[in-house]
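# Overview (structure and organization)
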Amino acid sequence: MKVFKENNNIFRLLSEAVSEGIIVVNKDQIVVATNGSANEIFGYDMDELIGKPLNTLIPQKYHHSHKAHFENFTQHSEKRHMGKGRDLYGVRKDGTEFPVEAGLNPFTIYDNHYVMALVIDITERKKQEEKIIELNAELELKVEERTKALHNTIQELKEEVKLRKEAEAKAKESLKKERDLNELKTKFLSMVSHEFKTPLGGILTSATLIGKYTKEEQQEKRDKHLNTIKNKVKYLDNILTDFLSIERLETGKVSYKFSQFPLSKVINEVVYNANMLLKDGQRINYPDDIDEYTIEFDEKILELMLSNLINNAIKYSGENTIIDLQVTFEEDVLIFRVIDEGRGIPEKEQAFIFKRYFRAENALLDQGTGIGLNIVKNHLENLGGSITFTSQENQGSTFIVKIPFINNYKNDENDSVN
């Protein structure tokens, strides 16, 4: 310590120009010299640390391990960073702990051994490092979440994109490859516009031609165009009903109203409306033995489901074909079968037939939205039912709907139907 007292001015002249804190200890770990930066870092006045043990600047919990580290260092004296691979902490005069970085430099003066420590307060650096670690963790989480969401979206669209790319050359309207939800919405709006424009054009044409047939003997021609208008209006009504169902299913606003009603009431309504869509020579086989049954179900939903299936059978079957509607009861299940002699569904596309907006390759040139079967399946699942099908290309399809029924019974002679 005497050496540094005698050369105090020289030490201060050299050390005060250094921004790092300088602390010099002897072999007994007693502080023999400090500079202003070290005093400021640890909160001491000038020369207040002189003569104090080095442990004064080290938190109590590290005293034991520090002694061993210091002795090991003095035995293998060389310049090095103190605490390499570990976090170092100092303690201020007021008792607060803070992170530090220290470099050790051994030296000898007049056969006396000393160690000079260059100390830096890295509190702000640690805060920045912790902030960076926190931000990196948040970023990694966001990347993981978005990657997962993107992966799910890509998986859902992958099969549809593949099929639609193959159908581009055959479609009247080019189908753009969909990569995200906004593009899917754009395609949907384009499809809706097309589905409305075609029947509206037919209505306008028929209405214009009707005005030209003013003679009594031209009534047959007028009736033909009136039927065309009725068919187009019914088609538009079906589309609007489907879109309304989609909106309610998406928003969770769909509600079901169960009531008792004659099964024949719904069947008659569905077949009557479907007859207006029949092609030349087509006919619908009415189911046997249903007049005596009353069921408890949602009447509107049952009508919607059967209309979708029978209208599809008409649309995808040729002239002079039969659409067979069968109804059977098995234990507690009511079963509907809609059998057609139409074009069928290609085997490679059958797995996707219930996906929303999906249309088989052999149906792309026909009018349609690709949402009818998806609506039917969703309603059935909500009501505890199911829908399955078998199909062979160019030979026809059979769709099978099963719904549970409760309080369903045959009407006795004395029963009345409300």
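From a predicted model like this one, the values you see are computed outputs, not experimental measurements.

## Some details on the overall build of the protein chain
Broken down by element type, the protein chain carries 10 helices and 14 strands. For the protein chain, the proportion of its 418 residues judged to be buried stands at 40%. Sequence separation of at least 24 residues holds for 60% of the intrachain contacts in the protein chain that already meet a minimum separation of 6. Counting only carbon and sulfur atoms, one obtains 51% of the accessible surface of the protein chain, whose full area is about 25500 Å².

## Remarks on the packing of aromatic side chains
As enumerated under the stated definition, the model contains seven aromatic pairs in all. Centre to centre, the rings of Tyr62 and Tyr89 are 6.3 Å apart; their planes meet at 5°, and the pair counts as stacked. With Tyr62 in the loop between α3 (36-42) and α4 (63-75) and Tyr89 in strand β4 (residues 88-91), this pair connects stretches of sequence that are 27 residues apart. Against the face of Phe98 rests Arg92, its NZ or CZ located 4.0 Å from the ring centre.

## Topic: helix α10 (residues 372-382)
Every buried residue belonging to α10 is among Gly372, Leu373, Asn374, Ile375, Val376, His379 and Leu380, and all of these are buried. Positioned one or two residues after α10, Gly384 has a phi angle of 80°, which is positive.

## Focus: the sheet that holds strand β11 (residues 333-339)
Sheet architecture is open: five strands sit in the order β8-β10-β11-β13-β12, paired in mixed fashion. Whereas interior strands pair on both sides, the edge strands pair on one side only; in this sheet they are β8 (283-285) and β12 (386-392). Each neighbouring strand pair of the sheet contributes to a mean axis angle of 15°, computed without reference to strand direction. Where β8 lies against strand β10 (residues 322-330), three bridges are found, and the strand directions are parallel.

## Points about the nonpolar core
For soluble globular proteins, the rule of thumb is that nonpolar side chains tend to be buried together. By size, the foremost hydrophobic cluster in this structure holds 43 residues, and its most contacted members are Leu263, Ile267, Leu302 and Phe336. Listing elements by their share of this core, those giving two or more residues are α8 (263-275), β9 (293-298), α9 (299-315), β10, β11, α10, β12 and β13 (396-404). Non-local contacts of Leu263, meaning those with residues more than four positions away in its chain, are made with Ile290, Tyr293, Thr294, Ile295, Leu302, Val327, Phe329, Leu334 and Phe336.

## A few points about the pattern of salt bridges
Applying the stated criterion across every chain yields a total of 10 salt bridges. In this structure, Asp121 and Arg92 form a salt bridge, with 3.2 Å as the shortest nitrogen-oxygen distance. Residue Asp121 is located in strand β6 (residues 112-121), and its partner Arg92 is located in the loop between β4 and β5 (97-109); the two are separated by 29 residues in the primary sequence. Glu101 is the salt-bridge partner of Arg125, the closest N and O atoms lying 2.8 Å from each other. One end of the pair, Arg125, is in helix α5 (residues 123-167); the other, Glu101, is in strand β5, and 24 residues separate them in sequence. By relative accessible area, Glu101 is classed as partly exposed at 29%.

## What to know about the confidence of the model for the protein chain
On average, residues of the protein chain score 79 in pLDDT, and 73% of them reach the 70 mark or higher. Averaged over each element, pLDDT in the protein chain is lowest for strand β14 (residues 409-410) (44) and highest for β8 (95). Across residues 407-418, confidence stays below pLDDT 50; counting only partners more than four residues off in sequence or on other chains, it has 20 contacts.

## Things to note about α5
Along its 45 residues, α5 runs 64 Å from first to last C-alpha, staying within 8% of the 66 Å computed at 1.5 Å per residue. Here α5 has its buried residues at Thr123, Lys126, Leu157, Glu160, Val161, Leu163, Arg164 and Ala167.

## Quick look at unusual backbone geometry
For Asp111, which is not a glycine, the phi torsion comes out positive at approximately 65°. Relative to the assigned elements, Asp111 resides in the loop between β5 and β6. Given the relative accessible area of 72%, Asp111 is considered exposed. If you check the backbone angles, Asn394 has positive phi at about 70° while not being a glycine. With respect to the helices and strands, the residue Asn394 is situated in the loop between β12 and β13.

## A look at the environment of Phe261
Structurally, the position occupied by Phe261 is in strand β7 (residues 258-262). Ignoring any residue separated from it by four or fewer positions in sequence, one finds Phe261 in contact with Val266, Tyr293, Thr294, Ile295, Phe297, Asp298, Glu299 and Leu302.

## What about the environment of Leu306?
Relative to the elements of secondary structure, Leu306 occurs in helix α9. Note on Leu306: relative accessible area 2%, which makes it buried. Beyond its immediate chain neighbours, meaning those up to four positions away, Leu306 contacts Val266, Ile267, Val270 and Phe336.

## Topic: the packing of α8 against α9
As a packed pair, α8 and α9 sit with axes 9 Å apart at the nearest point and diverge in direction by 35°. Crossing angle aside, the handedness with which α8 passes α9 is right-handed. Of α9, the residues touching α8 (which contributes Leu263, Lys265, Val266, Ile267, Glu269, Val270, Asn273 and Ala274) are Glu299, Leu302, Glu303, Leu306, Ser307, Ile310, Asn311 and Ile314. Tallied by class, residues from the contact of α8 with α9 come to nine nonpolar, three polar and four charged.

The rules we used
Position numbers for residues count from 1 along each chain, tracking the sequence in the order it is written. Given that the model is predicted, a residue must reach a pLDDT of at least 70 before its local features are reported, and side-chain atom pairs must reach 80 or more before they are shown or counted; all residues, however, enter totals for whole chains, interfaces and linings. Side-chain calculation: all heavy atoms of the structure are included, whereas hydrogens and water are not. Labels follow the DSSP assignment, with helices taken as runs of H or I lasting at least four residues and strands as runs of E lasting at least two, numbered in each case from the N terminus. Throughout this description, buried means an accessible area under 20% of the type-specific maximum (1.4 Å probe, protein chains only), exposed means over 50%, and partly exposed covers the range between. Here, two residues are considered to be in contact whenever any of their heavy atoms come within 4.5 Å of each other. Areas reported as accessible are Shrake-Rupley estimates using a 1.4 Å probe. Residue values count occlusion only from the protein chains shown. Stacked, edge-to-face and tilted labels apply to pairs of Phe, Tyr and Trp rings (six-membered ring for Trp) whose centres lie within 6.5 Å, assigned for plane angles under 30 degrees, over 60, and everything in between, in that order. Here, over-ring charges are defined by two tests on the NZ atom of lysine or the CZ atom of arginine: distance to the ring centre within 6 Å, and angle to the ring normal within 35 degrees. What makes two strands pair is DSSP finding at least two bridges between them. Helix axes use the C-alpha atoms of the stretch in contact, all axes being lines fitted to C-alpha atoms, and the angles between their N-to-C directions lie in the range 0 to 180 degrees. By nonpolar core we mean a set of buried residues, namely Ala, Val, Leu, Ile, Met, Phe, Trp, Tyr and Cys, connected to one another through side-chain atoms within 4.5 Å. Salt bridges are defined as contacts in which a side-chain nitrogen from Lys or Arg sits within 4 Å of a carboxyl oxygen from Asp or Glu. Confidence scores labelled pLDDT are given residue by residue by the predictor and lie between 0 and 100. Here a helix's expected span is defined as the number of its residues, less one, multiplied by 1.5 Å. Crossing handedness follows the turn of the near helix against the far one: under a right angle anticlockwise gives a left-handed crossing, and clockwise gives a right-handed one. Three residue categories are used. Nonpolar comprises Ala, Val, Leu, Ile, Met, Phe, Trp, Tyr, Cys and Pro, charged comprises Asp, Glu, Lys and Arg, and polar comprises the others, including Gly.

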